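Understanding the architecture of this molecule
Listed below, chain by chain, are the residues.
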Amino acid sequence: MSVQEMFLDLVSYPTTSDDTTGATPSTPGQKVLGAHIVDIMQKMGIEDAYMTDTGYVYGTIPATAERKNTVGFVAHMDTCSGVSGENIKPQVIKDYDGQDIPLGTSGLTLSPTDFPPMLGHKGKTLITTDGTTLLGGDDKAGVAEILCAAQEILAEKKPHGRVKLGFTPDEEIGQGADHFDVEGFGCDFAYTVDGGALGELEYENFNAAAAVVEVSGVSIHPGAAKGKMVNSATVAMEFCGMLPQNAVPEHTEGYEGFIHLVGIQGDVEHTRMQFIIRDHDGELLEQKNQLMRDAAAYLNQKYPTQPVQVSITESYRNMKEQILPHWEVIEVMEKSMRQNGVEPITMPIRGGTDGARLSYMGLPCPNICTGGANAHGKLEYVVVEDMEKIKDIIKTAVETVE
Ligand SMILES: [Zn+2]
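Since the structure is predicted, the reported quantities are computational estimates derived from the model, not experimental observations.

On the protein side, the zinc ion has His 76 (NE2), Asp 138 (OD), Asp 194 (OD) and Asp 194 (OD) as donor atoms, found 1.9 to 2.7 Å from it. Classification of the site at the zinc ion rests on its four donor atoms, whose angles at the metal span 52 to 145°, yielding the label irregular. In primary-sequence terms, the residues that donate to the zinc ion follow H-x61-D-x55-D. One end of the pair, Asp 138, is in helix α3 (residues 137-156); the other, Asp 194, is in the loop between β9 (189-193) and β10 (200-202), with 56 residues separating them in the sequence.

Before going further, it helps to examine the layout of surface pockets. Put simply, the largest pocket is a space of about 470 Å³. Every residue lining the largest pocket is counted, 30 residues in all, and those nearest its centre are Asp 194, Gly 195, Gly 196, Glu 202 and Asn 367. For the lining of the largest pocket, the secondary structure elements donating two or more residues are β3 (71-76), α3, β10, α9 (354-360) and β17 (372-373). Split by residue class, the lining of the largest pocket holds seven nonpolar, 13 polar and ten charged. If you add up the space inside the second largest pocket, you get close to 180 Å³. Lining the second largest pocket we find Cys 240, Leu 243, Pro 244, Gln 245, Ala 247, Val 248, Pro 249, Glu 250, Ile 259, His 260, Leu 261 and Phe 275. In terms of residues, the lining of the second largest pocket owes the most to one element, strand β12 (residues 258-266), which gives three residues. Of the residues belonging to the lining of the second largest pocket, the class tally is nine nonpolar, two polar and one charged.

Glancing now at α3. Side chains of residues three or four places apart in an α-helix project in the same direction, reflecting 3.6 residues per turn. Along its 20 residues, α3 runs 27 Å from first to last C-alpha, staying within 8% of the 28 Å computed at 1.5 Å per residue. α3 sits mainly inside the fold: 16 of its 20 residues count as buried. Positive phi appears at Lys 157, one or two residues downstream of α3, with a value of about 50°.

The rules we used
By convention here, each chain's residues receive numbers from 1 onward along its written sequence. Per-residue local features of the predicted model are confined to residues with pLDDT of at least 70, and side-chain atom pairs are confined, for both listing and counting, to 80 or more; whole-chain, interface and lining totals are unaffected and use all residues. Each side-chain value is derived from all of the structure's non-hydrogen atoms; neither hydrogens nor water enter the calculation. Note that water is not among the atoms considered, so a metal site may appear incomplete; the donors listed are N, O and S atoms within 2.8 Å of the metal, with 3.2 Å applied to Na, K and Ca. The geometry test gives tetrahedral to four donors whose angles all lie between 85 and 135 degrees, gives square planar to four donors and octahedral to six donors whose opposite members are over 155 degrees apart with all other angles between 65 and 115, and gives irregular to the rest. Think of it this way: any DSSP run of H or I at least four residues long counts as a helix, any run of E at least two long counts as a strand, and we number them from the N terminus. In this analysis, the protein atoms alone were mapped onto a 1 Å grid. Cavities are point sets where a 1.4 Å probe fits without being able to get out; pockets are open sets with protein on both sides within 12 Å along at least five of seven lines; lining residues have an atom within 4 Å of a point. Grid points are joined across faces, edges and corners, and a volume is the space filled by probe spheres set on the points. Note that Gly is not counted as nonpolar here; it falls among the polar residues with everything else outside the nonpolar set of Ala, Val, Leu, Ile, Met, Phe, Trp, Tyr, Cys and Pro and the charged set of Asp, Glu, Lys and Arg. Expected span of a helix, by definition, is 1.5 Å for each gap between consecutive residues, and there is one gap fewer than residues. Summary of the burial criterion: residues with accessible area below 20% of their type's maximum are buried, those above 50% are exposed, and those between are partly exposed, where the area comes from a 1.4 Å probe applied to protein chains only.

Quick look at the structure:
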């Protein structure tokens, strides 16, 4: 089966995840696709392919030669909940001419004016939506590439070590690593195939923390408040005013970290603020955490009622620390991309990935491209030739691992 055929088959399964159900996987459709993928794997000769109760699909390509390392490839089966993932009607645009692409009869247009990288895909085959749903290239492009690579690896029987495949549910609601069986997977390292443009190779993500700031006030009738009232809402504003005003998402990029006020609820009596804190550098993240504690300490000295309480919890960490001691994981992929004529593009992720969590669970796991673009929306598209190339890169990586 070609990557395009595999991809079109996979996106016909609705697998929107949902962070409100409390179930694992969060929606039943993910297990329907999981069972279908197990079936595909078994038919291509992956005898041990199976799905766990929690909707994780695993399988092994046995070694054909003696190798030191076992390598894994991981992709997620769910799609994000912001846009419908039901009844996806993909448009296959052959020999793309560089013009605007109307998306079905939706009135939406996918235009290189808005998305200049499209001009780099002239002459290639693009798959778009019909403008009513997302496409599901995130991450069914990754699933299709891994499955098609596996199919060819099994058929070609070239020398390679043991290879493991893993397909996870609920990545889009941040739970893709929750029930991942790192020990059972038994890999020395792995790759998530969940990135964007051809060549992307990501092994740096944010260090992340979350802070809750509680401000207690003293509420008194405003007519009799002099010298007695402590207005928690204005103390909260004072707290925010003490934070670096430029270190916010709307003013930062690249390696610049931020302290982001994501929510505030309050009145005179009580105000609660939620922050997320991000930095690629662990020390700079800790400095930002300390800034928040210092601001609270200052205000608690200023006001005798000691109104401010800050509690900070770690969310996830930069996988780079876990990747550096296993640098071969990057070398193998860089070499495999170059061997297929693709120059690796490494850049820091301004977010987290399942791979980051897996890396801290003991499985070093950078992220590679899928050939998709504009994920999580109706303007999503994938480039078939790039997907084919990524399938080839996966095959080369399997042969390259020592
Ligand atoms: Zn994804």
